[in-house]
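What follows is each chain in one-letter form.
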Amino acid sequence: MFNDFNMGKYAVYVWSSYGLALIVLVASYVIPLLQHKKQLRILKRQRRAGRLEQ
Amino acid sequence: MKFPFMPFLHRISSPPRFYRMACRWIPRLGWTGLIFMLVGLVWGLGFAPPDYQQGNAFRIMYIHVPSAWLSLFIYTVMAVSAVIAFVWRIKLAEVMIIANAPIGATFTFLALVTGSIWGKPMWGTYWVWDPRLTFELILLFQYFGVIALYTAITDRRVGARAAAILAMVGIVTVPIVHYSVVWWSSLHQGSSFKTLDNPAIAWSMLVPLLIMFIGTNLFYLAVVFLRSRNELLLREKQTAWVGEILDKGV
């Protein structure tokens, strides 16, 4: 039985929970992904400049 | 002592192997996790029947319960990594401590906030100093402590050692949170899920919860790989294998 996602009087509580969870989970995936790209870019530049030699 | 899975553990704890494995598994785990979460959500929010006491407010469960479970599970993973890092000084275990801490803090935060939003219509308040809630809040501060200690010390290996001690000691909070609703009389309701033979909620409500469990756990694994990959790259930036990846890709 489909309820049309109608939360009745609890709509504000249910949707604010899921809205927040959506923002937090997307951020927790995207932030380290972007960091990885940035790190690779910086490390490549440092390597070309010869600053990563031991 | 010889364990049958030791050769496997040795192989994957080598940083270049682990890094490449992470690169392969991040999209697979991420997408599968997303699909499970979408199915669980549509099922839980659109098709599961409303609760006879809580009406539609119970649907917050589908994000609250998996978050709370992960807040404890991730701490346990972090503490086990801490023991391995402390005793055997395996680099990957040190990386795992610091890769797990922020994602553990994230799910603890979500468990606390969604629980709080659920508490308002059901208990009449966003917050009470109930044992379950209080110790979950302490757990959040423990995650912050591990992150702060690690980042405060410049030498990553020394920092990891300090963070490992804190993570190991803090494991006491995990069983306290778990059993808090049994040990003390608590405002928080009991566990919805104990064994498959005897669930405390109807199957029509439980199945989407189980699907959300699988989805969020896969998502967690993807994020752990994302974070440990970054940490490995920084720690090993002067090694030959990172040089190879920088020149030729994975």
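Bear in mind the structure is a predicted one, so any value in this text is a computation, not a measurement.

Reading the values: the criteria
Residues numbered from 1 in each chain as written. Chains lettered and ligands numbered in written order. Predicted model: local features only at pLDDT ≥ 70, side-chain atom pairs only at ≥ 80, totals over all residues. Helix = DSSP H or I, 4+ residues; strand = E, 2+ residues; numbered from the N terminus. Rg over C-alpha atoms; globule rule 2.2 N^0.38 Å. Buried ≥ 20, exposed ≤ 12 C-beta atoms within 10 Å, placed from the backbone. Contact = placed C-beta atoms within 7 Å. Nonpolar A, V, L, I, M, F, W, Y, C, P; charged D, E, K, R; others polar. Expected span 1.5 Å × (residues − 1). Arc of directions from axis to C-beta. Axes fitted to C-alpha atoms, helices over the stretch in contact; angles between N-to-C directions. Parallel < 35°, antiparallel > 145°, perpendicular 65-115°, else oblique. Left-handed = near helix turned anticlockwise from the far one by under 90°. pLDDT = per-residue confidence, 0-100.

**Student:** Would you mind going over the overall build of chain A with me for this structure?
**Tutor:** Counting its regular elements, chain A contains 1 helix and 0 strands. Whereas a compact globule of 54 residues would reach a radius of gyration of roughly 10 Å, chain A reaches 22 Å, over 25% beyond that. The principal-axis extents of the C-alpha atoms in chain A amount to approximately 65 × 20 × 15 Å. Out of the 54 residues belonging to chain A, those deemed buried represent 17%.

**Student:** Would you explain the overall build of chain B in this entry?
**Tutor:** Assigned secondary structure in chain B consists of 9 helices and 0 strands. For chain B, the N- to C-terminal ordering of α and β elements is α-α-α-α-α-α-α-α-α. Computed over its C-alpha atoms, the radius of gyration of chain B comes to 20 Å, within 12% of the 18 Å expected for a compact globule of 250 residues. Taken over the C-alpha atoms alone, chain B extends approximately 60 × 35 × 35 Å along its principal axes. Counting the 250 residues in chain B, one finds 40% classified as buried. The long-range share in chain B, meaning contacts at least 24 apart out of those at least 6 apart in sequence, stands at 77%.

**Student:** What should I look at first to understand the interface of chain A and chain B in this one?
**Tutor:** Frequently, the measure chosen for interface size is the accessible area removed from exposure when the parts meet. Between chain A and chain B, the contact holds 28 residues from the first and 32 residues from the second. Residue composition of the side of chain A that touches chain B, grouped by class: 17 nonpolar, 9 polar and 2 charged.

**Student:** Teacher, can you tell me more about unusual backbone geometry here?
**Tutor:** Note: most residues except glycine have negative phi, and most peptide bonds are trans. One non-glycine residue, Phe5 of chain A, adopts positive backbone phi at about 55°. Phi at Arg89 of chain B is positive, roughly 55°, even though this residue is not glycine. Of note, Arg89 of chain B is situated in the loop between α3 (61–88) and α4 (91–123). Arg89 of chain B gets classed as partly exposed once you count the C-beta atoms within 10 Å, which come to 13.

**Student:** Would you mind going over helix α6 (residues 156–169) of chain B with me for this structure?
**Tutor:** A turn of α-helix holds 3.6 residues, and therefore any two residues three or four places apart point the same way. Residue and element names in this part refer to chain B. Over its 14 residues, α6 runs 20 Å from end to end, which matches the ideal 20 Å to within 8%, given 1.5 Å per residue. Regarding α6, the residues found buried are Ala160, Ala163, Ala164 and Ala167. The arc enclosing the buried residues of α6, seen along the axis, measures out at 115°, which places them on a common side. Across α6 from its buried face, at more than 90 degrees, point the exposed residues Val158 and Val169. Elements that come into contact with the buried residues of α6 comprise α3, α4 and α5 (131–152).

**Student:** Where do I start with the packing of α3 of chain B against α6 of chain B in this structure?
**Tutor:** For any two helices packed against each other, one specifies the crossing angle of their axes together with the interaxial distance. All names here are of chain B. Taken N-terminus to C-terminus, the directions of α3 and α6 make an angle of 130°; their axes are 8 Å apart at the nearest point. As far as their axial angle goes, α6 and α3 are oblique. Between α3 and α6 lies a crossing of left-handed hand. Residue-level contacts link Met78, Ala79, Ala82, Val83, Ala85 and Phe86 of α3 to Ala160, Arg161, Ala164, Ala167 and Met168 of α6. For the contact of α3 with α6, a count of residues per class yields 10 nonpolar, no polar and 1 charged.

**Student:** Just checking my understanding: could you explain the packing of helix α1 (residues 11–48) of chain A against helix α8 (residues 203–235) of chain B for this structure?
**Tutor:** Where α1 of chain A meets α8 of chain B, the closest approach of the two axes is 10 Å, and the angle between their N-to-C directions is 25°. Considering the angle they form, α1 of chain A stands roughly parallel to α8 of chain B. Between α1 of chain A and α8 of chain B the crossing geometry is left-handed. In contact with Leu25, Ser28, Tyr29, Pro32, Leu33, Gln35, His36, Gln39 and Leu43 of chain A of α1 of chain A, α8 of chain B contributes Phe219, Ala222, Val223, Leu226, Arg227, Arg229, Asn230, Leu233 and Leu234 of chain B. Here the contact of α1 of chain A with α8 of chain B is composed, by residue class, of 11 nonpolar, 5 polar and 2 charged.

**Student:** Looking at this model, I keep getting lost on the environment of Val223 of chain B. Mind explaining?
**Tutor:** Examined against the element boundaries, Val223 of chain B turns out to sit in helix α8. With 27 C-beta atoms packed within 10 Å, Val223 of chain B lands in the buried category. Considered as a pair, Val223 of chain B and Leu187 of chain B are 36 residues apart in the sequence and their alpha carbons are 33 Å apart. Residues within four places of Val223 of chain B in sequence aside, it is in contact with Ser28, Tyr29 and Pro32 of chain A together with Ile103 of chain B.

**Student:** What is the right way to read the confidence of the model for chain B from this model?
**Tutor:** Do not read the predicted coordinates in detail wherever pLDDT is low. Confidence along chain B averages 93 in pLDDT terms, with 98% of residues attaining 70 or more. Among the scores for the predicted complex, ipTM is 0.93 and pTM is 0.94.

**Student:** Would you mind showing me how to read the environment of Leu112 of chain B here?
**Tutor:** Residue and element names in this part refer to chain B. With respect to the helices and strands, the residue Leu112 is situated in helix α4. Here Leu112 falls in the buried class, since 20 other C-beta atoms lie within 10 Å of it. As a C-alpha pair, Leu112 and Pro49 span 63 residues in sequence and 25 Å in three-dimensional space.

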